[in-house]
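What follows is the residue order along each chain.
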Amino acid sequence: MKKTALIISLVVLSSVCFSADEHDHSMTDPIQSEHEISNKVCPVMVGNEVDPKLYTTYQGKRVYFCCPSCKEAFDKSPDQYLDRLPQFKDSTNTEHDEHEHAKPSSFPFYKLVKPMGIVSLALIVLTVSVALLRRKKPKLLLKWHKRLGIITLISALIHALLVLLTH
């Protein structure tokens, strides 16, 4: 029973950690060939690639998003995100664009969301595995189970904070 639970935990962890995004962004997609995707990056969650099937039309131009929640956020207050969209940049205001590119960029927190989620998931699996094996050496493994539980909680809180910061 314990070996089975451990094997299942390891299989789930490895499948999550090693799964790759298999989005095919080829130009043979009929949605992409009809309309050229003007924004390759989501305006709401900056850094995420857009889904060519998920878009809205605003002021006669298509705006693409990475997920339905970003589309909803854009629909509620589109003016907040227009400066992040190349199709709405004012071509006559080149000085503003030059100064905007000269600013130092802030730290890209969005790049930490996925790795931190994987770390949190790995810690959860490890904590559960130690709990299942606890009967062999109760005192030692109980201490490690408590420590792993606290570390897992901290990791999950950091992951949640990163998600809130980037969304």
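See the structure shown above.
Residues numbered from 1 in each chain as written. Predicted model: local features only at pLDDT ≥ 70, side-chain atom pairs only at ≥ 80, totals over all residues. Heavy atoms only, no water.

Engineer: Honestly, the environment of Asn48 in this entry has me stumped. Any pointers?
Structural biologist: Relative to the helices and strands, Asn48 resides in the loop between α2 (30–34) and β1 (51–58). Under the relative-accessibility criterion, Asn48 is labelled partly exposed at 24%. Taking the C-alpha atoms as reference points, Asn48 and Cys66, separated by 18 residues in sequence, lie 6.3 Å from one another. The contacts of Asn48, once residues within four sequence positions are left out, are Lys40, Val41, Cys42 and Cys66. (Helix = DSSP H or I, 4+ residues; strand = E, 2+ residues; numbered from the N terminus. Buried < 20%, exposed > 50% of the residue type's maximum accessible area, 1.4 Å probe, protein only. Contact = heavy atoms within 4.5 Å.)

Engineer: Before we go on, may I ask you to explain the nonpolar core in this structure?
Structural biologist: Residues Cys42, Val44, Val63, Phe65, Cys70 and Phe74 are the most contacted members of the largest nonpolar core, which totals 18 residues. Only β1, β2 (61–65) and α3 (68–76) provide two or more residues apiece to this core. (Core = buried A, V, L, I, M, F, W, Y, C linked by side-chain atoms within 4.5 Å.)

Engineer: What is the right way to read α3 from this model?
Structural biologist: Because an α-helix packs 3.6 residues into every turn, residues spaced three or four apart end up facing the same way. Of all the residues in α3, the buried ones are Cys70, Ala73 and Phe74. Projected down its long axis, α3 carries its buried residues within an arc of 100°, all on one side. What points out from α3, more than 90 degrees from its buried face, is the exposed set Pro68 and Lys76. Elements in contact with the buried residues of α3: β1 and β2. (Arc of directions from axis to C-beta.)

From the geometry alone we can't say anything about function, so treat these as descriptive.
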